[in-house]
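Here are the chains, one letter per residue:
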Amino acid sequence: MTDTAAHDEWVRRPASAAQGTNCTAEQYEAMYARSIEDSDAFWLEQAARLDWVKTPTVAGDWSFDPVSIKWFEDGQLNICHNAVDRHVAAGHGDRIALIFEPDDPHGEVRRISYAELEREVVRMANTLKKMGVSKGDRVTIYMPMVPEGAFAMLACARIGAVHSVIFGGFSPEAIAGRIEDCASDWLVCADEGRRGGKTIPLKNNVDEALEKAPNRGVLVIEHTGGQVTMREGRDHWYHELSQGVSDECPCEPMNAEDPLFILYTSGSTGKPKGLLHTTGGYAVWTETTFRYTFDYRPGEVFWCTADIGWVTGHSYVVYGPLQNGATALMFEGVPNWPDVDRFWAAVEKHKVNIFYTAPTAIRSLMREGKEPVERHDLSSLRLLGTVGEPINPEAWRWYSDTVGKGALPVIDTWWQTETGGVMITTLPGAHDMKPGSAGKPFFGVVPQLVDADGEVLEGAASGNLCLIRSWPGQARTVYGDHDRFVQTYFVTYRGKYFTGDGCRRDEDGYYWITGRVDDVINVSGHRMGTAEVESALVLHEHVAEAAVVGYPHDIKGQGIYCYVTLNAGLEPSDDLAAALRQQVRHEIGPIASPDHLHFTPALPKTRSGKIMRRILRKIAENEVSALGDTSTLADPSVVDQLIAGRMNR
Ligand code: WT7
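Given the structure is predicted, the values throughout are model-derived calculations rather than measurements. Counting from 1, residues in each chain are numbered in the order their sequence is written. Per-residue local features are limited, in this predicted model, to residues with pLDDT of at least 70; the limit for side-chain atom pairs, both in listing and counting, is 80 or more; totals at the level of whole chains, interfaces and linings are taken over all residues. Computation of side-chain values covers all heavy atoms of the structure but excludes hydrogens and water.

### A few points about helix α17 (residues 574–587)
Because each turn of an α-helix spans 3.6 residues, side chains separated by three or four positions end up pointing in the same direction. Compared with an ideal rise of 1.5 Å per residue, which puts 14 residues at 20 Å, α17 spans 20 Å between its outermost C-alpha atoms and is within 8% of the ideal. Listed as buried for α17 are L576, A577, L580, Q583, V584 and E587. Seen end-on, α17 carries its buried residues on one side only, within an arc spanning 115 degrees. Across from the buried face of α17, at angles greater than 90 degrees, the exposed residues are D574 and D575. In this fold, the buried residues of α17 make contact with α6 (172–181), α16 (530–538), β31 (543–553), β32 (557–566) and β33 (596–599). One or two positions beyond α17, positive phi appears at G589, with a value near 145 degrees. Secondary structure elements follow DSSP: runs of H or I no shorter than four residues count as helices, runs of E no shorter than two count as strands, and numbering proceeds from the N terminus. One less than the residue count of a helix, multiplied by 1.5 Å, gives the span that helix is expected to have. Exposure is judged per residue with a 1.4 Å probe applied to protein chains only, and the accessible area is read against the type maximum: over 50% gives exposed, under 20% gives buried, and values in between give partly exposed. The arc refers to the directions leading from the helix axis to the C-beta atoms. By the convention used here, residues are in contact when the closest approach between their heavy atoms is within 4.5 Å.

### Here's the deal with the packing of aromatic side chains
Think of it this way: a Phe, Tyr or Trp ring, Trp meaning its six-membered ring, pairs with another when their centres are within 6.5 Å, and the plane angle makes it stacked under 30 degrees, edge-to-face over 60, tilted otherwise. Under the defined criterion, the tally for this structure stands at 44 aromatic pairs. Relative to F72, the ring of W71 has its centre 5.9 Å away and its plane inclined at 50 degrees; by these criteria the two rings are tilted. One exposure class covers both W71 and F72, and it is buried. Residues W303 and F331 carry aromatic rings whose centres are separated by 5.6 Å and whose planes lie at 90 degrees to one another, so their mutual orientation is edge-to-face. Taken together, the residues span a long stretch of sequence, with W303 in strand β16 (residues 301–304) and F331 in strand β17 (residues 327–331) at a distance of 28 residues. Among the residues examined, F331 registers a relative accessible area of 5% and is labelled buried. One aromatic cluster in this structure is built from Y28, Y32, F42, W43, W52, W71, F72, W285, Y292, F442 and F443. Across the ring face of Y292, the terminal group of R291 is positioned such that the distance to the ring centre comes to 5.6 Å. Charges are assigned to positions over rings by a cutoff of 6 Å between ring centre and Lys NZ or Arg CZ, combined with an angular limit of 35 degrees from the ring normal. The ring of W10 carries K434 above its face, with NZ or CZ at 4.3 Å from the centroid.

### Thoughts on the pairing of β32
Most of β32 is tucked away: eight of the 10 residues are buried. From the end of β31 to the start of β32, which pair antiparallel, there are three residues. Two strands pair when backbone bridges link them, and β32 and β33 are joined in this way by four bridges, in the parallel orientation. Within the sheet, the bridge partner assigned to Y563 lies in β33 and is H598. When the strands point away from the viewer and the connection leading from the first strand across the helix to the second strand turns clockwise, the crossover is called right-handed. For the segment spanning β32, α17 and β33, crossover handedness is right-handed. In this scheme, strands are said to pair when DSSP sees at least two bridges between them.

### As for the site of the ligand
We call a residue near a molecule or strand when any one of its heavy atoms sits within 4 Å of it. Taken together, 17 residues lie around the ligand, and D412, T413, T417, D501 and R527 are the ones closest in. Here E389 contributes a backbone N or O atom positioned 3.3 Å from a nitrogen atom of the ligand. To measure how exposed things are, a 1.4 Å probe is used in the Shrake-Rupley method; for residues, cover is taken only from the protein chains shown. Coverage of the ligand by the protein amounts to 96% of the 550 Å² it exposes when considered alone. When contributions to the shell around the ligand are tallied by element, the ones reaching two or more residues are α10 (311–323), β20 (410–414) and β28 (511–516). Ranked by the residues each element gives to the shell around the ligand, the list is headed by β20, at three residues. In this classification, the charged set is Asp, Glu, Lys and Arg, the nonpolar set is Ala, Val, Leu, Ile, Met, Phe, Trp, Tyr, Cys and Pro, and all remaining amino acids, among them Gly, are polar. Classifying every residue of the shell around the ligand by side-chain character gives six nonpolar, six polar and five charged. For this analysis, a polar contact is any N or O atom pair within 3.5 Å, provided that within protein one partner can donate a hydrogen and the other can accept it, and provided that sequence-adjacent residues contribute only side-chain to side-chain pairs.

### Side note on the layout of surface pockets
Cavities and pockets were defined on a 1 Å grid built from protein atoms only: a cavity is a group of points that admits a 1.4 Å probe but offers it no way out, a pocket is an open group of points flanked by protein on both sides within 12 Å along at least five of seven lines, and a lining residue is one with an atom within 4 Å of any such point. Grid points are joined across faces, edges and corners, and a volume is the space filled by probe spheres set on the points. Approximately 400 Å³ is the volume found for the second largest pocket. Taken together, 18 residues make up the lining of the second largest pocket; nearest its centre are A174, K271, P272, E532 and E587. Looking at the lining of the second largest pocket, the elements with two or more residues in it are α6 and α16. Looking at the lining of the second largest pocket element by element, the count peaks at six residues for α6. Considering only residue class, the lining of the second largest pocket consists of seven nonpolar, three polar and eight charged.

### A short note on the packing of helix α2 (residues 39–47) against helix α9 (residues 279–293)
Angles shown run from 0 to 180 degrees and are taken between the N-to-C directions of axes, each axis being a line fitted to C-alpha atoms and, for helices, limited to the stretch in contact. Following both chains from N to C, one finds α2 and α9 inclined at 85 degrees, their axes separated by 9 Å at the closest point. Comparing their axes, α9 and α2 come out roughly perpendicular. Side by side, α2 and α9 meet where W43, Q46 and A47 of the first sit next to V284, W285, T288 and Y292 of the second. The residue makeup of the contact of α2 with α9, split by class, is five nonpolar, two polar and no charged. Note that the term roughly parallel is reserved for angles under 35 degrees, roughly antiparallel for angles over 145, roughly perpendicular for angles of 65 to 115, and oblique for everything else.

### So, the UniProt feature "binding site: Mg(2+)" (unreviewed entry) in the chain
Under the present numbering, the feature "binding site: Mg(2+)" (unreviewed entry) in UniProt falls on V538, H540 and V543. On the accessibility criterion, H540 (13% relative accessible area) is buried. The residues touching H540, leaving out its near neighbours within four places in the chain, are L576, A579, L580 and Q583. In this fold, V543 is placed in strand β31. Those residues in contact with V543 that sit more than four places away from it in its chain are L537, V538, V564, T565, L566, N567 and L580. UniProt positions are given in the numbering used here, feature names are shortened, and annotations may be inferred rather than shown by experiment.

### Notes on the pattern of salt bridges
Two side chains carrying opposite charge are able to pair once their charged atoms lie near each other. Salt-bridge detection follows one rule: a side-chain nitrogen of Lys or Arg within 4 Å of a carboxyl oxygen of Asp or Glu. All chains considered together, the criterion is met by 33 salt bridges. One salt bridge in this structure joins R110 and E148, with 2.9 Å as the shortest N-O distance. Of this pair, R110 sits in strand β5 (residues 110–113) while E148 sits in helix α5 (residues 147–159), and the two are 38 residues apart along the sequence. Bridged by salt links that share partners, the residues K203, D207, R234 and D235 form one connected network.

### Describing empty space enclosed by the protein
All told, the structure shown has four cavities of 30 Å³ or more when counted by the stated rule. Estimates place the volume of the largest cavity at around 90 Å³. Forming the walls of the largest cavity are 13 residues, and the residues nearest its centre are M143, P144, R195, I200 and D307. Among the elements that take part in the lining of the largest cavity, strand β9 (residues 193–195) stands out by supplying three residues, more than any other. A per-class count over the lining of the largest cavity returns six nonpolar, three polar and four charged. What the second largest cavity holds in volume is close to 50 Å³.

### Description of the environment of V549
If you trace the backbone, V549 turns up in strand β31. The buried category is assigned to V549, whose relative accessible area is 2%. Through-space distance from the C-alpha of V549 to that of R613 is 7.6 Å; in sequence the pair is 64 residues apart. In contact with V549, other than residues within four places in its own chain, are I521, T530, G559, I560, Y561, Y563, R613, L616, R617 and A620.

Here is the structure:
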């Protein structure tokens, strides 16, 4: 390693000579320039790697004011064909598409070839049709990390149904909200999921959700064999309903701008938003970003540890790798069960070449020291990546030195549910790395930093991160609420897409994401709206008011800190705290469980009654000497009470 001590440390570690995408620094510069200056030609060329039913003649047709985003509009294609059938047709049917590593390390590994994947997806697609699903219908998918989850997504894409995948850590209440929001008539789930030796009652959660939000049909995949109730006329076992379905199911030709999926994500206000991604642009974006970001080489095993319930799983467990004909590992379990070497054991077992995970996982494994890593032969690894939250340089170093033996490129990738795929990263082979920095913009991406007033900041600067050009993978709208899409992303800085992130650009043009600047917190790489947690808390009959902020957490990145005031005459108690935690789990799910509940007689408010969150954040961060101006508070003594309350917890 040849670090220099200048400003931000450089780490020079070029990818090996045998390049996959063969992108050198010069090539990156030339391609990047072309992706902006001759955008249409550039993107039509990238798009040409895919099979189109009708080849597009135009690439981008977009405006951020008024907001209208279209890519490859006159093209027709099917992403399932591109992810599955075309590899079989090209003679690669024997190549492994998915490797399934089960929760139980002694359980059965499944190796699914592209030919088998095609058969499985066709069977699932025809079964969905038999249940009644048609083109354009929304299908909710609530699955564990098993290949059938990917089959279900691809089967929807194949028949032109729109999938809405919900992470297994969401509660029945949250499922119901999402079903209602997109009027989803159909659902695919497993009987139960497995994670870290525990079972998750997926079908039971679905039953509870459907009490609130009834639908037309549920396809249930037998996974654990656990006890579930099946409702006559609504629920169908997959192994029964799939009996006798045809083994042919042509891919539906889709217009490039036909919807592919909806994925819910949290924002600063209101309920989660259903971001809509369409077919052609998303296909091109995930194919291209996977190919270049990971410098993928045929035959390599790629492992993204994200769940398919998040966008990372959509783009880099399913659509990105499979469109590239890659072999993707799907892991059902968790990093620390049955032991803290589980990731490394699986890397050795499956000879993983590219490993892509979240900083939170690295930080939790770093605590366990080197030994669990050194127990395993990790010589298959060629590239390491991270996503989901800023990676602190200490964690980067550990990942690079202990897992990568100081010899591998380590890429950080910044992006969002809204962006569909990687936006800022260093490309292996092209860019030197700086621990803690996401790196440079991907092809077609033009970041801009602005100050609070919207003034554009040039050169080395810190500000709010906007993107001023559309890219093919951009979400097109919020399902059913285009105005919300416009208001959320394009109004703060008119005519620009505002990411919600703060960011620094250094003198080398590298971007350093500093975290959200809105009321969104990032807990273990999961995005959480503080307003959602507040709404859950105030539903409790004893709660008068709640204010939720993030605070730095060693492992999770940010923790959930809840200030709660009770109705007059009530005293805090452990029982009440437990009930409030339960309330949040019930409304949102276990992933939103509060880390800290701080009961307080009052919240700091301005004279006009606005809660001063800035003060609450500082107190949660234990930065009580830096509270700033408190003179506008209606009752300044509230602050002393809060500080005393924090000391006591
Ligand atoms: C938010 C998006 C990208 C898929 C996973 C999360 C944060 C994401 C990074 C990174 C710093 C990051 C941002 C972003 N984020 N990746 N490499 N460095 N921050 O997708 O749930 O839509 O969350 O995650 O704050 O806005 P998401």
